[in-house]
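# Structural description and commentary
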Amino acid sequence: MPDRPPYEGATRKLVLAFDVGTTYSGISYSILDPGDPPEILDVTRYPSTDRVGGNSKIPSIVYYDKEGTPRAFGGEALQETVIETAEDEEWVKAEWWKLHLRPKSMPSVHINDCDIPLLPPSKMAVEILADFLRYLFQCAKTYIEQSHANGRDMWSSFEDNIDFVLSHPNGWEGPQQAQIRQAAVLAQLVPDTQEGQARIRLVTEGEASLHYCLGCRQAADGFQENVGVMIIDAGGGTIDISSYYMAPSPQTFLEIAPAQCRLQGSVFITQRAEEYLGRKLLGSKFGTREDITQMKNEFDKTTKLRFSKPSEPSYIRFGSVRDKDPAYDIRSGQLKLPGSDVATLFEPSLKAIIAAVEEQRQSATQPIKSVFLVGGFGASDWLFSNLKSYFEPLNLQLCRPDNHTNKAVARGAVAFYLDHRVSARVAKFAYGTRCAVEFDRNDEQHCLRAATAIPRPSGRTVIPNAFSAILHKGTAVSETKEFRKDFIVECAERNTSETIAAEIVCYRGHSQNPRWTDSEPGMFSNLCTVHADTSRVAKTLSPRRGFAGMQFFRQQFSIVLMFGLTELEAQISWKEDGEEKRGPATVVFDHVVEVAI
């Protein structure tokens, strides 16, 4: 990748990227000085954390007291004194809380809310995210002030000029993105204004990982013009898979398949281990809940990370040399596990990755030649060797860019902000709106729905529950490309035309041309509502005569969809004095919407 050009801004700025993961979180940043080429740095020192260096991250853990006040974060939450105080004062530990934000539409038959640690009483996941973001911000401030020469003066120089890059799994959608933005406001990172929201950039973990790989020398040979690459970000909670094609001159990347996301990260291996240990030690004196929990935690910290070969046994050290139960393979305070049993705990995650990879390869519009594995789970030698065995017969090259794949998202998020190499993305779903269409007696589907027909003021009869697609699944969309569709509303009173609104819905089924929302109701879900104040236009509408001389007013507008950066944007467009006007998204819907003929 070529060197970055000097920063052209007029004043110094700080870019902070927070990678809030299911199990671990990290921070990267860049100080933008006018005239200097930007570089990406990492926060490598956190409170109560003895790990320093390029792979430093902190556990995504928060302790709350009985009043709901956060009392300890990250490494602090693992201190013996904090754990003791938490037990004495009945604090509640929040972990894996990020998974409570997941879209319920994600494929996750193996998991429900009961399988994830409960949230503290009276706390929502977005509030925990806000508390954690506030803590990460303080960590970043302290690190920069202490690590740079004249650090406090430096911080003061950009304290009011900070942009934030917040990453999220590929499978997070509009509602989750809105919650992330809400959390940033609650954390007081930015004010709740249009200007404040403009200081937040959202990026998928897959796209951030691509930008990270572009900066790795070890990955350089995998990026060639007119060649497809796949990024597998294997994290604690999710597996994010994205595929891109490098276009020549200028070197930009085009997404070539809908991004994939699977809830099969490494935490679910630990979850399966806990269930396995409960079964294996049933009847043993070490089969108590306390011992199983201790073994699970030790498995998560050491055994899982070391496992590489099913032919070799694994061990969980949990007690003293006096602890033994030979009938259950417990000797000298450690439990011996057959390697083949441990492999079965990993296999569901491997199968999920391979299934997502196959889906990517089948839908990709360009051949894929190289695959990059990043993320904390990507450091697993067992996972790497098994994926390598899978990819080799397919003539696909698999590599791990460097030894610190667990910092890929945070560093890549800053690179996304600085370099912005992806210029087109693929729609994961079909987007459109519920609407009504004029009744056609010759259409069999219309006749089946005749009982639902609605008379309109003009005398026409319309059938509700139609779906009008604005953007089809699999469509490659550049950031500047707009998709629009024209609609009309009819109303008996002019003043009801002073606002126009329509819900945007997404279709998640397999039909290439979905027509009716009532045929697959479970496949349609609301994305947002777009709304505009058209009171000035309403005053110019002329009355029309409809059925039995009834007076009505007709207004025409267009729904416009834009992908923007990594967030889908929606607007309503209408004509006012011959000029196009646009209205932003809100949460109002109160009209019968029809397709314009």
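Small disclaimer: the values here were computed from a predicted structure and weren't measured.

Taken together, the three strands give an open sheet; going across it, the order is E6-E5-E7, and neighbouring strands pair in antiparallel fashion. In this open sheet, the two strands that pair with only one neighbour each are strand E6 (70-73) and strand E7 (92-94). Neighbour to neighbour, the strand axes of the sheet diverge by 25° on average, direction disregarded. Summarising the sheet, strand E5 (residues 62-64) and E7 pair through three bridges and their orientation is antiparallel. Within E7, the position partnered with valine 62 by the bridge is alanine 94.

Where E5 lies against E6, three bridges are found, and the strand directions are antiparallel. Pairing of valine 62 across the sheet is with phenylalanine 73, part of E6. Where E5 folds back on E6, the antiparallel hairpin that results is connected by five residues, among which glycine 68 adopts a positive phi of roughly 85°.

Many descriptions give the size of an interface as the accessible area lost when the pieces come together. Structurally, the protein chain comprises domain 1 (13-205), domain 2 (217-401) and domain 3 (429-587). Taking only C-alpha atoms, the centre of domain 2 and the centre of domain 3 are 45 Å apart.

Attention shifts here to the side chain of lysine 304. Structurally, lysine 304 can be placed in helix H8 (residues 289-306). Judged by relative accessible area, lysine 304 falls into the buried class, the value being 7%. Among the polar contacts made by the side chain of lysine 304, one reaches the main-chain carbonyl oxygen of serine 266 at a distance of 3.1 Å. In this structure, lysine 304 is in contact with Ser266, Val267, Ile269, Thr270, Phe299 and Phe346, ignoring residues within four places of it in sequence.

Scanning the model with the defined rule gives zero disulfides in all. Cysteine cysteine 447 remains unbridged, with the sulfur of cysteine 435 as its closest cysteine sulfur at 18 Å.

Moving on, we come to a negative patch on the surface. A contiguous patch of negative charge, built from Glu84, Glu87, Asp88 and Glu89, is present on the exposed surface. Looking at where glutamate 87 falls in the secondary structure, it is placed in helix H1 (residues 80-88).

Another aspect to go through is the sheet that holds strand E15 (residues 330-331). Pairing is antiparallel across the open sheet formed by three strands, whose spatial order is E14-E16-E15. A single partner strand is all that each edge strand has here, and the edge strands are strand E14 (314-317) and E15. The pairing of E14 with strand E16 (residues 334-337) spans four bridges and is classified as antiparallel. Across the sheet, tyrosine 315 pairs through a bridge with lysine 336, a residue of E16.

Attention now moves to the side chain of aspartate 42. Among the secondary structure elements, aspartate 42 is positioned in strand E3 (residues 41-42). Take aspartate 42: its relative accessible area is 15%, and that puts it in the buried class. Within the structure, aspartate 42 has its side chain in polar contact with the side chain of arginine 411 (distance 2.8 Å).

This part covers the pattern of salt bridges. With the rule as written, the count across this model stands at 26 salt bridges. The partner of aspartate 419 in a salt bridge is arginine 4, with the nearest N and O atoms 2.8 Å apart. In this pair, aspartate 419 is assigned in helix H11 (residues 408-419) and arginine 4 in the segment before strand E1 (13-20), connecting sequence segments 415 residues apart. Lysine 581 serves as the salt-bridge partner of glutamate 579, at 4.0 Å between the closest nitrogen and oxygen. On the accessibility criterion, lysine 581 (28% relative accessible area) is partly exposed. Three or more residues joined by partner-sharing salt bridges are found here, namely Glu482, Arg484, Glu580 and Arg582.

Cut-off values and rules
Residues numbered from 1 in each chain as written. Predicted model: local features only at pLDDT ≥ 70, side-chain atom pairs only at ≥ 80, totals over all residues. Heavy atoms only, no water. Pairing = 2+ DSSP bridges. Helix = DSSP H or I, 4+ residues; strand = E, 2+ residues; numbered from the N terminus. Axes fitted to C-alpha atoms, helices over the stretch in contact; angles between N-to-C directions. Domains from an automatic or database assignment. Buried < 20%, exposed > 50% of the residue type's maximum accessible area, 1.4 Å probe, protein only. Polar contact = N/O pair within 3.5 Å; in protein donor to acceptor, adjacent residues only side chain to side chain. Contact = heavy atoms within 4.5 Å. Disulfide = S-S within 2.5 Å. Patch = residues over 30% accessible without salt bridge, like charges linked within 9 Å, V, L, I, M, F, W, Y side chains within 5 Å. Areas by Shrake-Rupley, 256 points an atom, 1.4 Å probe, with all protein chains shown as cover. Salt bridge = Lys/Arg side-chain N within 4 Å of Asp/Glu carboxyl O. Lys, Arg positive; Asp, Glu negative; His and termini not counted. Charge placed at Lys NZ, Arg CZ, Asp CG, Glu CD.

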